[in-house]
Amino acid sequence: MALHEQRIYLASASPRRRELLKQIGVHFEMIMLRTHPSRAAFDETPLPAENPRDYVLRIANIKAEMGHTALHMRRLPPYPLLAADTTVTIDGEIIGKPSDMAQAAETLRRLSGKRHEVHTAIALAYGGDVKTKVSSSIVEFAPLDEHTIKNYTITGEPHDKAGAYAIQGRAAAFISRLEGSYSGVMGLPLYETVQLLGQFGIDVL
């Protein structure tokens, strides 16, 4: 399927995802899925015993479907729409975004000196078709003392981040080993994204 216009919609407010798309030269327009900054448009709570990979795929699909519906309601040009979701897991448990500094500090204590997994799912919707991919990476943190955890949390960087850290920020100093996709941990796996875009006729490189 070849598209005449090499442009997509991004159903995400994440500045990291915008930065990554710009990095590979993708032309995009943002479409918001939230009606209010403090309230999600749908329930992102994991289902009982839901596998982390299944969870991120489900949420990315919901975002893509919502974005596709929004395009029709707003009578916008029908470009492909990209949605994504990222989650961090440790010992098989899904770790959400911290609600405050105290929760961010507790999450960092759990990650300290251990390995955890980061799963990012992407969904690309166009013309009634939705294609998906998942990137899974293993990240190992060095041991963090209380002084380091406190200083990091007060920077505000853990806010609104899966796992309470940003690999592209100051938390890069905590990571002793990474197996997988740096951009996937950041929030948008570029290899998988380019593959999906190619399936819809969008040539990036």
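Here the residue numbers are simple positions, counted from 1 along each chain's written sequence. A pLDDT threshold of at least 70 governs which residues receive local features in this predicted model, and a stricter bar of 80 or more applies before side-chain atom pairs are shown or counted, although totals over entire chains, interfaces and linings include all residues. The basis for the side-chain values is all heavy atoms of the structure; hydrogens and waters are excluded.

Attention now moves to the overall build of the chain. Across its full length, the chain holds six helices and seven strands. Counting from the amino terminus, the chain carries its helices and strands in the arrangement β-α-β-α-β-β-α-β-β-α-β-α-α. Residues counted as buried form 47% of the 205 residues belonging to the chain. Exposure was quantified through the Shrake-Rupley algorithm and a 1.4 Å probe, taking into account, for residues, occlusion by the shown protein chains and nothing else. When the accessible area of the chain is evaluated, it comes to approximately 10500 Å², of which 51% is carbon and sulfur surface. Considering the chain, the positive charge centre built from 23 side chains and the negative charge centre built from 23 side chains are found 4 Å apart. Elements are defined by DSSP. Helices are runs of H or I of four residues or more, strands are runs of E of two residues or more, and each kind is numbered from the N terminus. Partly exposed describes any residue whose relative accessible area lies between the buried limit of under 20% and the exposed limit of over 50%, with all areas from a 1.4 Å probe on protein chains only and scaled to the type maximum. None of His or the chain ends enter the tally, which takes Lys and Arg as positive and Asp and Glu as negative. Charge placement uses NZ in Lys and CZ in Arg. For Asp and Glu, CG and CD serve respectively.

Below, the discussion takes up the pairing of strand S2 (residues 27-30). Here strand S1 (residues 7-10) runs beside S2; their pairing, made up of four bridges, is parallel. Its bridge partner being in S2, Arg7 is matched across the sheet by His27. Crossovers are described as right-handed under a simple rule: with the strands pointing away from the observer, the path leading from the first strand over the helix to the second runs clockwise. Assessed by its sense of winding, the connection that carries the chain from S1 through helix H1 (residues 15-23) to S2 is right-handed. The criterion for strand pairing is that DSSP finds at least two bridges linking the strands in question.

What follows is about the pattern of salt bridges. By definition, a salt bridge exists where a carboxyl oxygen of Asp or Glu is found within 4 Å of a side-chain nitrogen of Lys or Arg. Here the structure, examined in full by the defined rule, presents eleven salt bridges. Two residues, Arg109 and Glu146, come together in a salt bridge whose shortest N-O distance is 2.8 Å. Residue Arg109 is located in helix H3 (residues 101-111), and its partner Glu146 is located in helix H4 (residues 146-153); the two are separated by 37 residues in the primary sequence. Classification of Arg109 as partly exposed rests on a relative accessible area of 36%. Exposure remark for Glu146: the relative accessible area of 46% places this residue in the partly exposed category. When the shortest N-O distance is used, the salt bridge between Glu179 and Arg177 registers 2.8 Å.

Further remarks concern the nonpolar core. As a rule of thumb, soluble globular proteins bury nonpolar side chains together. Counting 40 residues, the largest nonpolar core has Ile8, Leu21, Leu82, Phe141, Tyr165 and Leu188 as the members making the most contacts within it. Setting aside chain neighbours within four positions, we find Leu188 in contact with Arg17, Leu20, Leu21, Leu82, Ala84, Thr120, Ile122, Ser183 and Thr193. Side-chain atoms within 4.5 Å are what join buried Ala, Val, Leu, Ile, Met, Phe, Trp, Tyr and Cys residues into a set we call a nonpolar core. One finds Ala11, Leu33, Ala60 and Ala70 within the second-largest nonpolar core, a separate group that totals 20 residues. Note on contacts: a residue pair qualifies if any of its non-hydrogen atoms lie within 4.5 Å across the two residues.

This part is about the confidence of the model for the chain. Mean pLDDT over the chain stands at 90; residues scoring 70 or higher make up 94%. What pLDDT conveys is the predictor's confidence in a given residue, as a value from 0 to 100. Throughout residues 35-40 the model reports pLDDT below 50, and contacts reaching past four residues in sequence, or to other chains, amount to two contacts.

Listed in full, the buried residues belonging to H1 are Arg16, Arg17, Leu20 and Leu21. Across the axial projection of H1, the buried residues extend over an arc of 135°, all falling on one side. Structurally, H1 contributes buried residues whose contacts are with S1, S2, strand S3 (81-90), helix H5 (182-186) and helix H6 (190-199). For the purposes of these results, a polar contact is taken to be a pair of N or O atoms within 3.5 Å, where, inside protein, one atom must be able to donate a hydrogen and its partner to accept one; residues adjacent in sequence count only when each atom of the pair is a side-chain atom. You can read the cap of H1 off the contacts: a side-chain oxygen lies 3.2 Å from the backbone nitrogen of Arg16, and it is on Ser14. Where H1 terminates, the next one or two residues include Gly25, which has phi positive at roughly 75°. Of all possible arcs, the one meant is that of the directions from the helix axis to the C-beta atoms.

This paragraph deals with the packing of aromatic side chains. Each aromatic pair joins two rings of Phe, Tyr and Trp (for Trp, the six-membered one) with centres within 6.5 Å, and gets the label stacked for planes under 30 degrees apart, edge-to-face for over 60, and tilted for any other angle. Counted according to the given criterion, the structure contains five aromatic pairs. The interplanar angle of 65° and the centroid separation of 4.9 Å between the aromatic rings of Phe141 and Tyr165 together place this pair among those described as edge-to-face. Placement of the pair is Phe141 in strand S6 (residues 129-141) and Tyr165 in the loop between H4 and strand S7 (175-179), with a sequence separation of 24 residues. Ring-pair connections join several aromatic residues into one group, and the members of that group are Phe141, Tyr152, Tyr165 and Phe174.

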